[in-house]
Amino acid sequence: MCGIVAYVGDKPCRQHIFDGLLRLEYRGYDSAGFVCVDNKSKRFCCHKEAGMVDIVKKMSETVTCDGSIGMGHTRWATHGIVNQVNAHPHFNCSRTIAVVHNGIIEGFEKIRASLIKEGHEFCSSTDSEVAAHLFSTLLEKNKSISSAVIALTQKLDGAYALIYMLESHPDKLIVIRRKSPMVIGVGNNEMFVASDFLAFSDKTNQIIFVPDDSFAIVTKDNVAIYDFQGNLLNVKIDTINATYATVDKQNFEHFMIKEIYEQKHAIMRTINFFNTIGSMVSTDNLNESNKKNPLITHAENNLSLWRQLGVTADQISTLKTINLVAAGTSWHAARIAQFFFEMIAKIPTHVYLASEFRYMPLFVNKDSLFIMLSQSGETADTLEALRLVNSLDMQTIAITNVPSSSIVREASGFLPMQAGPEISVAATKTFTSQVASLYWLANRMAYERGMINLDQLKIAQDDLFIAAEILETTLETNKLRITQELAPYYAKFDKFIFLSRHINYPFALEAALKLKEVSYIFAQCYPAGELKHGPIALVDEHTPVVIFSVLDELIYNKLVSNAHEVKTRRGHVIAFAFEGQTELIDAADVAFIIPRVNPLLAPIAMSGIMQFFVYQMARELDRPPDKPRNLAKSVTVE
Ligand code: G6P
């Protein structure tokens with residue numbers, strides 16, 4: 001994926017493009033580039049370099065050319081290493097056509113080979129450069145820009161959001177969208193185009209979401225959108241009121257640590273907001289005392305909640321299965337939530353990795369509900385999975401932290417989390433807010449299905465708030481020890497094993513992922529019962545084994561045995577245990593002791609210390625925790 005921002009209008013574009021690029025940094029930070037048709041020379045003026053924030057800031061000080069049409073690009077490398085040459089924009093041989101691209105052009109190697117045969121000279125190793133050279137040949141062969149675009153879309157496979165600028169038509173942006181997102185902002189004698197409207201949210205709230213498989217010819221006072229057959233489309237302008245808030249680190253060293261500390265409030269805000277959803281839809285039929293008690297209001301007003309989710313109360317009562325589809329950290333939250341839906345609401349639940357989902361057999365079942373879980377709401381794998389489910393006319397709910405996202409727009413209903421903007425690439429507060437959201441939803445469903453009563457529903461919510469509180473207090477009590485003693489010691493190891501069972505096994509997966517993401521230390525995670533089936537061969541004094549305990553006595557005892565199996569092989573155990581679990585605490589070399597919580601909420605209670613521990617390891621190793629190498633916050637390629 002990558003971020004694209006473009007402008008055509010009666011004002012200079014340069015500063016807007018640079019500001020927009022900084023706002024789209026979450027889509028990739030490998031390189032940045034800018035091109036405009038220079039007002040003075042009437043020729044393309046282009047600057048691009050590897051790197052991101054510093055480069056964009058440097059460019060905004062040093063680049064002097066400016067024009068009333070221009071575009072910028074922030075890259076997350078897929079084809080071609082991270083360097084200046086592979087940065088966008090790319091050009092045709094005569095440098096009269098510039099293109100920026102988000103997505104992956106599949107099978108570009110063949111097109112590239114035949115263009116080279118025709119005499120085209122390529123500068124980069126990207127798939128994107130093919131789009132520049134190919135379009136130049138098609139413009140020569142076709143009478144109009146539109147027919148060249150249609151011919152182009154017939155030749156290009158894969159996912160692409162493309163913007164072309166032609167030196168010969170310095171009044172037009174040619175915007176093409178297949179699968180990758182693209183939005184147009186309508187201004188007064190000016191138009192904005194970007195991968196995400198946040199890039200220009202301070203300029204206009206009048207938005208056109210470019211439909212999939214369509215292209216737009218954008219001038220400063222007109223937008224004409226066509227499908228890939230060349231038919232003019234009538235696309236409505238939406239009014240969007242979200243704005244881009246500049247989020248700063250306040251007094252924290254990194255966003256990651258700030259966001260770790262924000263978790264308690266993120267969870268509480270999200271749950272309190274969910275409790276108001278019913279009344280947002282309708283409170284007319286409630287008596288005054290109920291209106292004052294959000295919990296009662298919404299337990300009794302569940303109907304409104306189901307309406308918001310695009311389902312009926314009957315559907316919830318007769319639901320036969322729930323399917324959770326997600327990627328990365330969201331997938332770990334989904335795997336934790338499987339226990340909630342099965343144990344509390346008694347609904348058989350399947351969890352799918354979005355990137356695998358589309359290639360598996362899918363059985364149409366009208367008593368089945370799909371929940372697409374995505375912090376960003378833009379992950380291409382999850383979005384494509386959603387489209388597949390929608391095409392089979394099955395019920396879909398989106399749970400995201402970004403209400404304006406593509407996944408929200410395309411699902412039948414949605415629950416918007418209120419975690420607030422998460423800037424650090426490694427998910428922290430959105431992970432625990434997802435777990436809390438799904439716990440809340442499972443309880444609401446259980447109530448609707450008559451599995452729990454109102455008192456139990458209230459206890460469930462209290463338990464959530466207790467777990468959120470423990471997340472924060474345990475972090476506070478262990479902070480110094482981790483910073484001064486444990487992180488400096490453990491950052492010296494180059495591999496770790498993570499173990500747990502039951503609901504904390506997916507949490508252990510998340511812990512291992514977090515360590516890999518931010519510290520680049522190799523981590524392998526297993527269900528503890530599998531240790532004896534192979535991974536135990538890896539255990540020695542050089543490989544710390546992190547064990548996350550659970551609050552089920554039977555499973556806990558098995559974990560204690562696993563800890564002893566490690567110790568007897570000269571292994572080194574770091575235990576995350578609950579108060580009173582002396583057997584595990586005594587067996588461990590290092591133990592974090594966490595107050596007891598509702599057993600299903602152990603992952604929330606343990607999150608604070610786990611995240612703080614890996615964050616401190618990253619600091620010890622001088623890694624950039626907010627922007628780890630090779631990663632991006634929003635992954636819009638498959
Ligand atoms: C990227 C991010 C991860 C995230 C995953 C899924 O890989 O770096 O932190 O978990 O995408 O993102 P989503 O927005 O769908 O939750």
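Residues numbered from 1 in each chain as written. Predicted model: local features only at pLDDT ≥ 70, side-chain atom pairs only at ≥ 80, totals over all residues. Heavy atoms only, no water.

### Concerning the sheet that holds strand S22 (residues 522-527)
Strand pairing in a sheet relies on backbone hydrogen bonds. The paired strands run either parallel or antiparallel.
Working step 1: Spatially, S22-S21-S23-S24-S25 is the arrangement adopted by the 5 strands of the open sheet, whose pairing is parallel. Two strands in the sheet have a free side with no partner beyond their single neighbour: S22 and strand S25 (590-594). Pairwise comparison of adjacent strand axes, ignoring direction, gives a mean angle of 15° for this sheet.
Working step 2: Summarising the sheet, strand S23 (residues 544-548) and strand S24 (residues 572-578) pair through 5 bridges and their orientation is parallel. Across the sheet, the residue bridging to valine 545 is valine 573, located in S24.
Working step 3: Along the sheet, helix H17 (residues 454-490) contacts strand S21 (495-500), S23, S24 and S25; its crossing angle with S25, the most-contacted strand, is approximately 170°.
Working step 4: Here helix H21 (residues 602-620) sits on the sheet in contact with S21, S23, S24 and S25, set at roughly 145° to S24. (Pairing = 2+ DSSP bridges. Helix = DSSP H or I, 4+ residues; strand = E, 2+ residues; numbered from the N terminus. Axes fitted to C-alpha atoms, helices over the stretch in contact; angles between N-to-C directions. Contact = heavy atoms within 4.5 Å.)

### Let's talk about helix H18 (residues 504-519)
Working step 1: The end-to-end C-alpha distance of H18 is 22 Å, a good match for the 22 Å that 16 residues give at a rise of 1.5 Å each.
Working step 2: The buried fraction of H18 amounts to 14 of the 16 residues, a majority that puts the element mostly inside the structure.
Working step 3: Tyrosine 520, located one to two residues past H18, shows a positive phi value of around 65°. (Expected span 1.5 Å × (residues − 1). Buried < 20%, exposed > 50% of the residue type's maximum accessible area, 1.4 Å probe, protein only.)

### Observations regarding the domain arrangement of the chain
Working step 1: In terms of domains, the chain is made up of domain 1 (3-239), domain 2 (255-452) and domain 3 (469-620).
Working step 2: Each of domain 2 and domain 3 was reduced to a C-alpha centroid, and the two centroids are 28 Å apart.
Working step 3: Interface area for domain 2 against domain 3, summed over the two sides, is near 2300 Å², with a carbon-plus-sulfur share of 72%.
Working step 4: Connecting domain 2 to domain 3 are 2 salt bridges. (Domains from an automatic or database assignment. Buried area = accessible area lost by both parts, 1.4 Å probe. Salt bridge = Lys/Arg side-chain N within 4 Å of Asp/Glu carboxyl O.)

### Focus: the sheet that holds strand S4 (residues 69-75)
Working step 1: Read across the open sheet, the 8 strands follow the order S3-S2-S4-S1-S10-S9-S11-S15; overall the sheet is antiparallel. With one partner strand each, in any of the chains shown, strand S3 (44-50) and strand S15 (238-239) form the two edges of the open sheet.
Working step 2: With 7 bridges joining them, strand S2 (residues 31-37) and S3 adopt antiparallel strand pairing. Residue serine 31 lies in a different strand from S3, and its bridge partner there is alanine 50.
Working step 3: Across the face of the sheet, helix H1 (residues 14-23) comes into contact with strand S1 (2-9), S2, S4 and strand S10 (190-194) while running at roughly 160° to S1.
Working step 4: The sheet contacts of helix H2 (residues 53-62) involve S2 and S3, and relative to S3 the element is tilted by about 150°.

### Things to note about the state of the cysteines
Working step 1: Using the criterion set out here, one finds 1 disulfide in the structure.
Working step 2: Paired by a disulfide, cysteine 45 and cysteine 65 hold their sulfur atoms 1.9 Å apart. Taking the sign of the S-S torsion, about -65° here, the bridge from cysteine 45 to cysteine 65 comes out left-handed. Placement of cysteine 45 in strand S3 and of cysteine 65 in the loop between H2 and S4 is noted, with a sequence separation of 20 residues between them. An identical accessibility class is assigned to cysteine 45 and cysteine 65; each is buried.
Working step 3: In this structure cysteine 13 is a free cysteine whose sulfur lies 5.0 Å from that of cysteine 36, the closest cysteine sulfur available.
Working step 4: With relative accessibility at 0%, the residue cysteine 36 sits in the buried group. (Disulfide = S-S within 2.5 Å.)

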